[in-house]
Structure formats: C-alpha cells, structure tokens
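A closer look at the structure
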Amino acid sequence: MTSSGTGSGPVRVRVCAVLVHDGRVCLIRRQRPAGAQLSLTGGVVEEGEDPTGALRRELLEELRLDLAVLPAPPVLRFVQDHSTPRPGEDEPLRRRHLVFTAHLPDDLVEAVAQAEQDTPDRAPVVWLPATDAAGLHLYPAIGAVLGQAVRTDTATGGPVLLPAMTGASYQWR
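For the structure given in this document, a descriptive report is provided here. The structure presented is a predicted model; accordingly, all values stated were derived computationally and were not measured.

A short note on the environment of Glu-62
Along the chain, Glu-62 turns up in helix α1 (residues 51-63). Along the sequence, Glu-62 and Gly-42 sit 20 residues apart, while their C-alpha atoms lie 7.7 Å from each other. Not counting residues up to four positions away in its chain, the partners in contact with Glu-62 are Ile-28, Thr-41, Gly-42, Ala-113, Ala-115, Glu-116, Gln-117 and Asp-118. In this structure the side chain of Glu-62 is engaged in a polar contact, spanning 3.1 Å, whose partner is the backbone nitrogen of Gly-42.

This is the structure in structure tokens:
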C-alpha cells in the first residue's frame, strides 16, 4: 500500500465515507477548471494502517470528526477500482476505493467542520440531499448507488463491487 499507485505499479487503497444525516450526504466541494467536483471525505491507507484506522485518521484530519463517538461503526458498503489519468499526466492514477457509510446524529452533524481542515484551499464541506448528489460529478463515482448508501439497513451480505472508474466512464475535473 505504499507504492505510487500510478502506471503499472501496485494499486493503492483509498478509504472514504458516505456520511449521512436526514437523507443528506456530506461532501467536499472542490472547484476545478472544468467545473465542480464533489468528493467523499477520505484518503489513502498509509503503511501499517488498517482501513478502519485510516478512515478514522482521515475523518479527524479533514472534518475533525472522531469515529469513536459515532453511535454505530461505519459499514463497508462498496468497493470500486479506479484507473484514470489526471489532467496533464500520462500514467493513470490507480486506486481501490473502499466506501464506508456512517449515519450521524444531530449533535455530530453540527460538530463537522464547515471546510476541509487539512488542505490550504479549505474547500467547503456541503450537505446535499442524496437524491441531488447522485446526479453530480462525485469522487469516487458512486452516484448510481448513493441511494443504497443512505439506507439504514446494512444487511447487504458484504460490500458490493461497483463498475470500475476508467477513462471511458470517469473524467477528472
């Protein structure tokens, strides 16, 4: 999990969370030259981390949200492979996204940072109705299953493998 994750090297694992409250999902809104990109909060699993530990670290870093205070632990719902070149790069970025869901009570929604805390641009954190967000440019590209992600029943029998993000199905902004 320590490789570059580009070209023909090993694929890096990225954890991310669909944070849900009252039918809305938490996203980071980044303005790119080609338009807005809405990202699930998360990041790459570092050397020696397990996915749950990495998710906890990323949510603390980005949103100042501690998973330990959630009423129920996040649930791994989706897995999505990804291999697309970024603008200006020849080699594709390669990732395996592990998408967790977590339902937040009112008091924790109010505690979530209003801007991403670990980047200089302090991208805004937005809460959008899942039905609206499903049709937007999301990273990773889980719009088609966002409705499933917000459901409270998690008896899915394990994570669902989603169609891969490729140059034909996903374009960086």
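Side note on the state of the cysteines
Per the counting criterion, the structure on display carries 0 disulfides. Cys-26 takes part in no disulfide bond, and the closest cysteine sulfur, belonging to Cys-16, lies 12 Å away. On the basis of relative accessibility, which here comes to 1%, the residue Cys-26 falls in the buried class.

Comments concerning the pattern of salt bridges
Once their charged atoms are close, side chains differing in charge can pair, the charge on each being opposite to the other. Overall, the coordinates contain 7 salt bridges when judged by the stated rule. In this structure, the salt-bridge partner of Asp-66 is Arg-56, at a minimum N-O distance of 2.9 Å. Of this pair, Asp-66 sits in the loop between α1 and β5 (75-85) while Arg-56 sits in helix α1, and the two are 10 residues apart along the sequence. Between Asp-81 and Arg-96 there is a salt bridge; the shortest N-O distance is 2.6 Å. Note that Asp-81 is positioned in strand β5 and Arg-96 in strand β6 (residues 92-103), a separation of 15 residues in sequence.

Conventions used here
- Residues numbered from 1 in each chain as written.
- Predicted model: local features only at pLDDT ≥ 70, side-chain atom pairs only at ≥ 80, totals over all residues.
- Heavy atoms only, no water.
- Helix = DSSP H or I, 4+ residues; strand = E, 2+ residues; numbered from the N terminus.
- Contact = heavy atoms within 4.5 Å.
- Polar contact = N/O pair within 3.5 Å; in protein donor to acceptor, adjacent residues only side chain to side chain.
- Disulfide = S-S within 2.5 Å.
- Buried < 20%, exposed > 50% of the residue type's maximum accessible area, 1.4 Å probe, protein only.
- Salt bridge = Lys/Arg side-chain N within 4 Å of Asp/Glu carboxyl O.

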